[in-house]
Amino acid sequence: MTGLASAGSHHRGDLAARASLLLVAVIWGLNWPAGRAALQDLSPWALRVVSFGCAAAILMAVARWRGVSLHIESGRQRYHLAMAGLLSTGGFGILAAFAQLGTTTSRTAICAYTMPIWATLFARVALGERLDRWRGGALLLGMAGLGVLLWPLWGQDMPVGVLFALGSAVSWAAGTVWLKWAGIRGHPLAITAWQLAAGTVAVTIGFLIDGARIGQGLHLIPAIGLAYNTLIGSALAYLLWFQSVSRLPAAMAGLGTLLVPVVGVAASVLLLGERPSTSDIAGFTLIFIAALCALGSRPPRPAAAASSLPSPPASRSAS
């Protein structure tokens, strides 16, 4: 009886973790139109200062409350963690925000989730990870998807937002590979909180140079978008994320994040009235399949404890 009770409890916990992961994907997907709403009255710099700064503070407070150590043991690891945060949080977040001002939100989400393709390339160079058939297929499909997506734009003036969106994906991938290369040791919650803190420092500098203000003339819809982006799309989503991935295999958690651009595109259509073109949808389909292939590849060796979980989409939530 005890064994049956234990199995039943484990099954319920697994179902709860899957439900939390699905909820995270929906929350992060809705974060794209929420961020676009906030950008009606806020500059990208102001949006990121508030959302990153508040999310970092909340995660650190929760870590303290749970008794999770925020300590990173050496100066070298702190440096590498800061660099990873600048790329995967600061770089991704600000480039994705500027992208939404220069092209549609749905197209931004599609381009941003080319990240696994760039990560595959960077991992080959920086980590020496071989291109097996899954990763090779991911690269081919991903490049084909980008080609389909961008081809109709070549005859026109290429929207600068598309370039920003691709830059955000490259920055996210570079930060993720940097984190794995550095082998940072620490609790994943602490690692993410410090990456958000590093991103906050970077965007605060940009905010001060830009000379923008926070809250000046902030109307109701942008204010709701900012509140959602900060409290739900960042802080709450991260807490649910860690609750889920602590109970689920890393591959399943990674697959769960692929729902984010699907929800993001659907939400952009329903909430923002966007109408993705045929090439957008076709390109997105190929890129989505490419990401599946990249996740289907087996890692060459077991990952360290600190990096065994998929890199939580700080953007992914920061949009």
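What you see is a predicted model; the values in this text were computed from it and never measured. (Residues numbered from 1 in each chain as written. Predicted model: local features only at pLDDT ≥ 70, side-chain atom pairs only at ≥ 80, totals over all residues. Heavy atoms only, no water.)

1. Details of the confidence of the model for the chain
- Of all residues in the chain, 82% attain a pLDDT of 70 or more, and the chain-wide mean is 81.
- Under a pLDDT of 50 for its full length, residues 2-11 has, in the predicted model, zero contacts with residues more than four places off or in other chains.
- In the model, residues 300-310 has pLDDT below 50 throughout and makes 14 contacts with residues more than four positions away in sequence or in other chains. (pLDDT = per-residue confidence, 0-100. Contact = heavy atoms within 4.5 Å.)

2. So, the pattern of salt bridges
- The tally for this structure, following the rule as stated, stands at two salt bridges.
- Here Asp-280 makes a salt bridge to Arg-107, at a shortest N to O gap of 3.1 Å. With a gap of 173 residues between them, Asp-280 in helix α12 (residues 278-296) and Arg-107 in helix α4 (residues 105-112) connect regions that are remote in the sequence. (Salt bridge = Lys/Arg side-chain N within 4 Å of Asp/Glu carboxyl O. Helix = DSSP H or I, 4+ residues; strand = E, 2+ residues; numbered from the N terminus.)

3. Overview of the environment of Leu-141
- Looking at where Leu-141 falls in the secondary structure, it is placed in helix α6 (residues 133-154).
- Using a relative accessible area of 26% as the deciding quantity, one classes Leu-141 as partly exposed.
- Each C-alpha atom, one on Leu-141 and one on Ala-291, is 8.9 Å from the other, the two residues being 150 residues apart in sequence.
- Apart from residues no more than four positions distant in its own chain, Leu-141 is found in contact with Leu-286, Ile-289, Ala-290 and Cys-293. (Buried < 20%, exposed > 50% of the residue type's maximum accessible area, 1.4 Å probe, protein only.)

4. As for the nonpolar core
- If you look at the biggest cluster of nonpolar residues, it comprises 68 residues, and the most contacted ones within it are Trp-28, Trp-32, Leu-59 and Leu-196.
- A total of eleven residues in this core trace back to one element, the largest contributor, which is helix α2 (residues 44-66).
- In terms of nonpolar packing, the next biggest core, distinct from the first, is built from seven residues, Ile-72, Leu-81, Leu-179 and Ala-182 among them. (Core = buried A, V, L, I, M, F, W, Y, C linked by side-chain atoms within 4.5 Å.)

5. Some words on the packing of aromatic side chains
- This structure, assessed with the given rule, holds seven aromatic pairs.
- In this structure an aromatic cluster arises from ring pairing among Trp-45, Phe-98 and Phe-164. (Phe/Tyr/Trp six-rings, centres within 6.5 Å; stacked < 30°, edge-to-face > 60°.)

6. What about the packing of helix α3 (residues 75-102) against helix α8 (residues 188-210)?
- Viewed as axis vectors pointing N to C, α3 and α8 meet at an angle of 60°, and their least axial separation amounts to 7 Å. Where α3 crosses over α8, the handedness of that crossing is right-handed. Residue-level contacts link Leu-81, Ala-82, Ala-84, Gly-85, Leu-86, Ser-88, Thr-89, Gly-90 and Ile-94 of α3 to Ile-191, Trp-194, Gln-195, Leu-196, Ala-198, Gly-199, Ala-202 and Val-203 of α8.
- A breakdown of the residues in the contact of α3 with α8 according to their chemical character gives eleven nonpolar, six polar and no charged. (Axes fitted to C-alpha atoms, helices over the stretch in contact; angles between N-to-C directions. Left-handed = near helix turned anticlockwise from the far one by under 90°. Nonpolar A, V, L, I, M, F, W, Y, C, P; charged D, E, K, R; others polar.)

7. Focus on the environment of Val-68
- For Val-68, the position within the fold is in the loop between α2 and α3.
- It is 9.7 Å that separates the C-alpha atoms of Val-68 and Pro-188, two residues lying 120 residues apart in sequence.
- Non-local contacts of Val-68, meaning those with residues more than four positions away in its chain, are made with Ala-63 and His-187.

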